[in-house]
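Chain residues, written in single-letter form:
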Amino acid sequence: KSDTDLYDLAKAKAKPDSLVVSPDGHSFAVTSSDAQVRVFSFLTGKLRRRYDESLGAYDKLIADGALEDMDSIAFGKRKAVDREMREAEPIAAPNCAFD
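Residues numbered from 1 in each chain as written. Predicted model: local features only at pLDDT ≥ 70, side-chain atom pairs only at ≥ 80, totals over all residues. Heavy atoms only, no water.

Focus: the pairing of strand E2 (residues 27–32)
Point 1. Within E2, 6 of the 6 residues are buried, leaving the element largely enclosed by the surrounding structure.
Point 2. Side-chain alternation along E2 places Ser-27, Ala-29 and Thr-31 on one buried face and Phe-28, Val-30 and Ser-32 on a second face that is also buried.
Point 3. Pairing of strand E1 (residues 16–21) with E2 involves 5 bridges; the strand directions are antiparallel. In the strand pairing of E2, Leu-19 is matched with Val-30.
Point 4. Count of turn residues in the E1/E2 antiparallel hairpin: 5 residues, of which Gly-25 carries a positive phi of about 75 degrees.
Point 5. Two strands pair when backbone bridges link them, and E2 and strand E3 (residues 36–41) are joined in this way by 5 bridges, in the antiparallel orientation. Among the inter-strand pairings, Ser-27 is bridged to a residue of E3, identified as Ser-41.
Point 6. Counting the residues between successive antiparallel strands, the hairpin from E2 to E3 contains 3 residues, one of them, Ala-35, with a positive phi of roughly 65 degrees. (Buried < 20%, exposed > 50% of the residue type's maximum accessible area, 1.4 Å probe, protein only. Helix = DSSP H or I, 4+ residues; strand = E, 2+ residues; numbered from the N terminus. Pairing = 2+ DSSP bridges.)

Focus on a nonpolar patch on the surface
Point 1. A contiguous nonpolar patch, built from Leu-19, Val-21, Phe-42 and Leu-43 and spanning about 450 Å² of accessible area, is present on the exposed surface.
Point 2. Tracing the backbone shows Leu-43 in the loop between E3 and strand E4 (47–52). (Patch = residues over 30% accessible without salt bridge, like charges linked within 9 Å, V, L, I, M, F, W, Y side chains within 5 Å. Areas by Shrake-Rupley, 256 points an atom, 1.4 Å probe, with all protein chains shown as cover. Salt bridge = Lys/Arg side-chain N within 4 Å of Asp/Glu carboxyl O.)

Here it is as structure tokens:
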């Protein structure tokens with residue numbers, strides 16, 4: 001078994017879309033087809049953090065009351081656009097940036 005967490009993508013049956021290295025070279029982030037952003041340690045390959053950017057994650061936050069300021073109509077439009085984009089031919093791969 002590997003000492004890294006890089007197998008996390010394969011376990012999720014997700015394909016990587018993009019990879020970016022942090023300016024200090026200590027971390028790298030991978031965006032993937034399952035709408036997750038995974039941040040890894042560059043030296044060890046260990047998963048440091050995972051951000052769920054899926055619509056299901058936002059639905060759960062709204063149901064839990066964590067996004068009470070979000071307008072439900074605007075969110076409904078965003079969901080419709082997101083679904084449409086996922087079904088359309090990809091123009092460019094998603095990406096992320098360290099700031």
